[in-house]
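# Descriptive analysis of the structure
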Amino acid sequence: MAESFEPPFLHPDYRSTVLRAPAQEPVRLPPEWFHHGDGPAFGRIPVRPGDADLARQHAGEPLGERIILSGRVLDGYGSPVRGTLVEVWQANAAGRYVDPADDHPAPLDPNFTGAGRCLTGNDGRYRFVTVKPGAYPWRNHPNAWRPAHVHFSVFGSGLGGRLVTQMYFPGDPLLPHDPILGAIRDPRGRELLISRLDLDATQPEWALAYRWDIVLRGRDATPRDS
């Protein structure tokens, strides 16, 4: 069952869930409390083609290994879902976010903000150009380091709400030590969050490519962020 791939609200090894996991049973609100209008609404700023190239958002090029991330957004039957808003955010190549809360002593990159977005095409495909994020310490437990990852938000007419999740890279030695990924008890669910090297999409002498498909529902549905 796809539901078994979802991480629990409370996973003590991931300390933040102890603070934010609900202590009471959820309350079901009556349907008439909600507005059912046409959607989705992506805000007032249109999505531009350049928004998907995180390596060309500033005057200079960012430091680090340039990569291409691509894949398709699919429904439970394997059919593409067009017009879906896919947003990404990530640390830079040194493992640091452009965020005042991130104060660990790794350098910021003046040419890398670490956020982008695009709309899927008729084939459900998305594509980003970026740099491979670095690992970073996160104080969850002694000598805790997060593996390289990219955060994804998926929002569109095929979803009842946003799907927020994370994509990891194959062969990362930190994967077995990450309690966020480990919150998904079934190893098949953890595998759904790991991209694969895509040599066909790699651009020679310019950038490696990784492929990661996002499935919205069904037995192979992409797990949500814990």
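Data block above holds the structure.
Residues numbered from 1 in each chain as written. Predicted model: local features only at pLDDT ≥ 70, side-chain atom pairs only at ≥ 80, totals over all residues. Heavy atoms only, no water.

Along its length, the protein carries three helices and eleven strands. Going from the N terminus to the C terminus, the protein shows its helices and strands as α-β-β-β-β-β-β-β-β-α-α-β-β-β. For the protein, restricting intrachain contacts to residue pairs at least 6 apart in sequence, the fraction spanning at least 24 positions comes to 71%. For the protein, the accessible area works out to roughly 13,200 Å², and carbon and sulfur atoms hold 55% of it. (Helix = DSSP H or I, 4+ residues; strand = E, 2+ residues; numbered from the N terminus. Contact = heavy atoms within 4.5 Å. Areas by Shrake-Rupley, 256 points an atom, 1.4 Å probe, with all protein chains shown as cover.)

Moving on, we come to the packing of aromatic side chains. Scanning the model with the defined rule gives six aromatic pairs in all. A ring pair is formed by Tyr97 and Tyr136, whose centres lie 5.5 Å apart and whose planes are at 75 degrees; its orientation type is edge-to-face. Here Tyr97, found in the loop between strand 2 (85-89) and strand 3 (115-119), pairs with Tyr136, found in strand 5 (residues 136-137); they are 39 residues apart in sequence, far enough to count as distant. The burial state of Tyr97 is the same as that of Tyr136; both residues are buried. Ring geometry for Phe169 versus Tyr210: centroids 5.1 Å apart, planes at 85 degrees, classification edge-to-face. Here the residue Phe169 occupies a position in the loop between strand 8 (163-168) and helix 2 (179-182), and Tyr210 occupies one in strand 10 (residues 208-211), the gap between them amounting to 41 residues. Relative accessible area serves as the criterion here: at 1%, Phe169 is assigned to the buried category. Judged by relative accessible area, which is 8%, Tyr210 ranks as buried. Taken together, Tyr126, Phe128, Phe152 and Trp212 form an aromatic cluster joined through their ring pairs. The cationic tip of Arg146 hangs over the ring face of Trp138; the distance from NZ or CZ to the ring centre is 5.6 Å. (Phe/Tyr/Trp six-rings, centres within 6.5 Å; stacked < 30°, edge-to-face > 60°. Buried < 20%, exposed > 50% of the residue type's maximum accessible area, 1.4 Å probe, protein only. Lys NZ or Arg CZ within 6 Å of the ring centre and 35° of its normal.)

Next up on the list: the pairing of strand 4 (residues 125-131). Within strand 4, five of the seven residues are buried, which leaves the element mostly enclosed by the surrounding structure. Taken together, the seven bridges between strand 1 (residues 66-74) and strand 4 define a ladder with antiparallel strand orientation. Residue Arg72 lies in a different strand from strand 4, and its bridge partner there is Arg125. (Pairing = 2+ DSSP bridges.)

Next up on the list: the pattern of salt bridges. Applying the stated criterion across every chain, the model contains ten salt bridges. Where Asp51 meets Arg117, a salt bridge forms, and the shortest distance between an N and an O atom there is 3.5 Å. Highlighted residues: Asp51 in the loop between helix 1 (16-20) and strand 1 and Arg117 in strand 3, separated in sequence by 66 residues. Accessibility classification places Asp51 together with Arg117 in one group, the buried group. Among the ionic pairs, Asp123 bridges to Arg125, the shortest N-O distance being 3.6 Å. Relative accessible area serves as the criterion here: at 37%, Asp123 is assigned to the partly exposed category. Sharing partners across several salt bridges, the network here consists of Arg48, Asp51 and Arg117. (Salt bridge = Lys/Arg side-chain N within 4 Å of Asp/Glu carboxyl O.)

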